[in-house]
Amino acid sequence: MKAYYNNKRNVHFHAILLFILVFVTGCSSTKYIADYQSIVKNVKIDSIDKAFEEEALNYIQKDIRPTSTVGINVIIYNMFNTKNGRYKTSNIKPLGTPPPILDSALVEISRSQIEKFLMSKGYFMAKVKSEIKVKNKRADVFFKANPGPVFQINKIKFEIPDELVSKFYIESRAVQTYLKEGMRYDDDSLAHERDRIYTVMKERGYFDFARPYVKYEVDSNLNSSKANVTLIIDNPQDKPKHEQFFIGEANVIIAPNSDGFPDTLNMNDRVFKGLRYTDLSKKFRRNPIVRYNFLHQGEYYNIYNENLTYDRMYELNVFKNVKIDYNRPKDSANKVFPVIQLIPQKIMSNRVEGEVPFNAGTVGFTLSNTYTNNNLFRGAERFEFQVKGGLQSRIGQGNSLFKDIYQRDFSISANLTVPRLMLPFITARPGRRGGMPHTIFSTSYVYAQQKSFLNDMFFLLH
């Protein structure tokens, strides 16, 4: 008699058994703590706008946050970090997660942080109280908020002593701003506006501009839950205004190999169109590389062009590291000199792949070899050449595999990708938007021979 195994019932049995084991072991965590200690089983925040409730929970200190219902990580922790019926105080293994043991100091810190969070969202008069209930070494922690009225921005004033900086900022506000009259006060909006101002200034030549120059003064001593905000953009210390910088002579330096730069460098003596190109590896032509440098001599410094240069140099797919520094000689007023350091990656690779497909009474194999060169003509051109072949044979007919081959495949393909647009009769500028432009040349040859099944089927039917 053949026996059948009820796999579904067995899975259910083990799942129930595991749940009971986890539950019992999780509950037993209380036996490892001292009599005066408790494990936090529940934390709740009341009377907070639902829009902020989830974010407010993040301000509860991690060490008193209750674990999940199953608590498998606590079980693992208990297995390796208990001794003689108590939790270890030394030689603790980093396995699992310790249970959240109640700490009144952490409860107070959490209460204070939640209160500050509500104030940052415009509830300047918010008050939060905490309550702890303990039963059988299990603690429930409750935070009850009295947020009070939400404040809105009444008026926005500007104190920007540098007239040109003030002009640039006012112009940029007409396009985008995170700070508007009538909106709910929110610290995040002020922070976003500070970041936006930083970007605006760095795109207009202010190389030394930093976020701490942007400050806010908030006056909430008004009626009707209104607040006035004053935006301040300070001048540099001991200077009457912010200074704009121009791009000086740029240097593009390619390391000898993937190991990086040597201690001493022999720089190229030639400077062409404001750029000195030094290729210590002797593997890259000048134009295909410097085409994607957007830090040009004589132009204002612009952080957008700096980031674009980073992106395009990486997208050439021949450099494993790109670094941009700036030299500032003391005798060069309001000029910065970019130094673009490029460390090449491995240029050539070869990949061999094989597979053995099975399908409805057939078996076969496929073998391919792919050669890749990421710098074929010393201009970051990617060349890929692949040779692939395979056989497919029927099984179960009593013949050997190689006597019943019904399909043969063979293919050769080659692809050349050039990192620029190559258009006849058109000179295309390097694209600044939409990613790295490419021109792809591709060719392939495919040979396939397949033996028909019709003759065999006719033979079998008769």
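Residues numbered from 1 in each chain as written. Predicted model: local features only at pLDDT ≥ 70, side-chain atom pairs only at ≥ 80, totals over all residues. Heavy atoms only, no water.

## Remarks on the overall build of the chain
Convention followed: Runs of E in the DSSP output that reach at least two residues are strands. Runs of H or I that reach at least four are helices, and both are numbered from the N terminus. The classification of residues rests on relative accessible area computed with a 1.4 Å probe and restricted to protein chains. Under 20% of the type maximum is buried, over 50% is exposed, and intermediate values are partly exposed. Whether two residues are in contact is decided by their heavy atoms, any of which lying within 4.5 Å being enough. The Shrake-Rupley method, run with a 1.4 Å probe, gives the accessible areas here. Residue values count only the displayed protein chains as cover.
Scanning the chain from terminus to terminus reveals 9 helices and 20 strands. Within the span of the chain, comprising 462 residues, buried residues form 36% of the whole. When contacts within the chain are restricted to residue pairs at least 6 apart in sequence, long-range pairs at least 24 apart make up 60% of them. Approximately 28900 Å² of the chain is accessible, and the part contributed by carbon and sulfur atoms is 53%.

## Describing the sheet that holds strand E8 (residues 226-233)
Rules: In this scheme, strands are said to pair when DSSP sees at least two bridges between them. Here an angle of 0 to 180 degrees is reported between the N-to-C directions of two axes, which are lines fitted to C-alpha atoms, with helices fitted over the stretch in contact.
Spatial ordering of the open sheet is given by E6-E8-E7, a layout of 3 strands whose pairing is mixed. Taken across any chain shown, the strands that pair with only one partner, and hence form the sheet edges, are strand E6 (152-159) and strand E7 (214-219). Taken pair by pair, the neighbouring strands of this sheet meet at an average axis angle of 25°, ignoring direction. Note: E7 against E8, 6 bridges, orientation antiparallel.

## As for the nonpolar core
Short version of the rule: Here the nonpolar core consists of buried residues drawn from Ala, Val, Leu, Ile, Met, Phe, Trp, Tyr and Cys, with membership extended through side-chain atoms lying within 4.5 Å.
Among the nonpolar cores identified, the biggest contains 53 residues, and Ile289, Leu316, Phe319 and Leu342 are the most heavily contacted of them. Counting residues per element, this core draws most heavily on helix H6 (residues 187-202), which supplies 5 residues. When near neighbours in sequence (up to four residues on either side) are disregarded, Phe319 contacts Ile254, Phe284, Ile289, Met313, Tyr314, Leu342, Ile343, Pro344 and Gln345.

## Side note on the packing of helix H5 (residues 163-173) against H6
We count it as follows: We call two directions roughly parallel when the angle between them is under 35 degrees, roughly antiparallel when it is over 145, roughly perpendicular when it lies between 65 and 115, and oblique otherwise. Helix crossings fall into two classes, left-handed where the near helix is turned counterclockwise from the far one by less than a right angle and right-handed where it is turned clockwise. Residues are grouped as follows: Ala, Val, Leu, Ile, Met, Phe, Trp, Tyr, Cys and Pro are nonpolar; Asp, Glu, Lys and Arg are charged; all remaining types, including Gly, are polar.
Two elements in contact, H5 and H6, have axes whose closest approach is 10 Å; the angle formed by their N-to-C orientations is 120°. What the angle tells us is that H5 and H6 run oblique. Every pair of crossing elements has a handedness; the one defined by H5 and H6 is right-handed. Of the residues in H6, those touching H5 at Val165, Phe168, Tyr169, Ser172 and Arg173 are Glu193, Arg196, Ile197, Val200 and Met201. In terms of residue class, the contact of H5 with H6 is made up of 6 nonpolar, 1 polar and 3 charged.

## Section: the sheet that holds strand E1 (residues 39-46)
Strand order in the open sheet made by the 3 strands is E1-E5-E4, with mixed pairing throughout. Only two strands of the sheet have a single partner each, and these edge strands are E1 and strand E4 (127-135). Averaged over neighbouring strand pairs, the angle between their axes works out to 15° when direction is ignored. As judged from the 7 bridges shared by E1 and strand E5 (residues 138-146), these two strands associate in the parallel manner. Within E5, the position partnered with Lys44 by the bridge is Phe142. Each of E1, E4 and E5 touches helix H4 (residues 104-120); the most contacted strand, E4, lies at about 150° to it.

## With respect to the pattern of salt bridges
Here is the rule: A side-chain nitrogen of Lys or Arg and a carboxyl oxygen of Asp or Glu constitute a salt bridge if their distance falls within 4 Å.
The full count for this structure, using the stated rule, is 18 salt bridges. Across the pair Glu108 and Arg111 runs a salt bridge whose closest N-O atoms are separated by 2.9 Å. Remark: Arg111 and Glu108 occur in helix H4; sequence separation between them is 3 residues, near one turn of the helix. Since its relative accessible area comes to 38%, Glu108 is described here as partly exposed. What makes Arg111 buried here is its relative accessible area of 17%. Between Arg211 and Asp195 there is a salt bridge, with its nearest N and O atoms 2.9 Å apart. One end of the pair, Arg211, is in the loop between H6 and E7; the other, Asp195, is in helix H6, and 16 residues separate them in sequence. By relative accessible area, Arg211 is classed as partly exposed at 38%. With a relative accessible area of 33%, Asp195 lands in the partly exposed category. Counted as one network, the salt bridges with shared partners bring together Lys121, Arg184, Asp186 and Asp188.

## Concerning the confidence of the model for the chain
Where we set the bar: Confidence per residue, as judged by the predictor, is encoded in pLDDT with a range of 0 to 100.
Per-residue confidence for the chain gives a mean pLDDT of 87, with 87% of residues at or over 70. Of all secondary-structure elements in the chain, the lowest mean pLDDT belongs to helix H9 (residues 454-461), at 43, while H6 reaches the highest, 98. Predicted confidence is poor over residues 1-5, with pLDDT under 50, and the contacts of this stretch with residues over four places away or in other chains come to 1 contact. Here residues 454-462 is a poorly scored stretch, pLDDT under 50, and it has 1 contact once near neighbours within four places are set aside; other chains count.

## So, helix H8 (residues 303-315)
Let me state the cut-off plainly: By this rule the span expected of a helix is its residue count minus one, scaled by 1.5 Å. Think of a polar contact as two N or O atoms within 3.5 Å of one another; within protein, one of them needs to be a possible hydrogen donor and the other a possible acceptor, and neighboring residues in sequence only count if both atoms come from side chains.
Between its first and last C-alpha atoms H8 spans 18 Å; for 13 residues at 1.5 Å apiece the expected length is 18 Å, and the two agree. Among the residues of H8, Ile303, Asn305, Glu306, Leu308, Thr309, Arg312 and Met313 are the ones counted as buried. Those residues of H8 that are buried lie in contact with H6, helix H7 (286-290), strand E13 (319-327) and strand E14 (335-344). Its side-chain oxygen at 2.8 Å from the backbone nitrogen of Tyr304, Asn302 defines the N-terminal cap of H8.

## What about the side chain of Asn228?
Residue position: Asn228 is located in strand E8. In this structure the side chain of Asn228 is engaged in a polar contact, spanning 3.0 Å, whose partner is the side chain of Asn154. With residues near it in sequence (within four places) discarded, Asn228 still touches Asn154, Lys155, Glu217, Val218, Asp219 and Leu222.

## Considering unusual backbone geometry
Phi is positive for Ser47, which is not a glycine, with a value near 65°. As for its position among the elements, Ser47 is in the loop between E1 and helix H2 (50-57). At Ala380, a position not held by glycine, the phi torsion is positive, near 65°. Topologically, Ala380 is positioned in the loop between strand E17 (362-373) and strand E18 (382-394). The exposure class assigned to Ala380 is buried, which follows from its relative accessible area of 4%.

## Structural notes on the packing of aromatic side chains
Where two aromatic rings form a pair, the distance of their centres and the angle of their planes describe that pair. Filter applied, for reference: By convention, a stacked pair of Phe, Tyr or Trp rings (six-membered ring in the case of Trp) has centres within 6.5 Å and planes under 30 degrees apart, an edge-to-face pair has planes over 60 apart, and any other such pair is tilted. Geometrically, a lysine NZ or arginine CZ counts as sitting over a ring once it is within 6 Å of the ring centre and also within 35 degrees of the ring normal.
Tallied over the full model, the rule gives 16 aromatic pairs. Taken together, the ring pairs connect Phe52, Tyr59, Phe117 and Tyr123 into an aromatic cluster. Across from the ring centre of Phe168, 5.4 Å away, lies the NZ or CZ of Arg204, which sits over that ring. Its end group placed over the ring of Tyr198, Arg211 keeps NZ or CZ at 4.0 Å from the ring centre.

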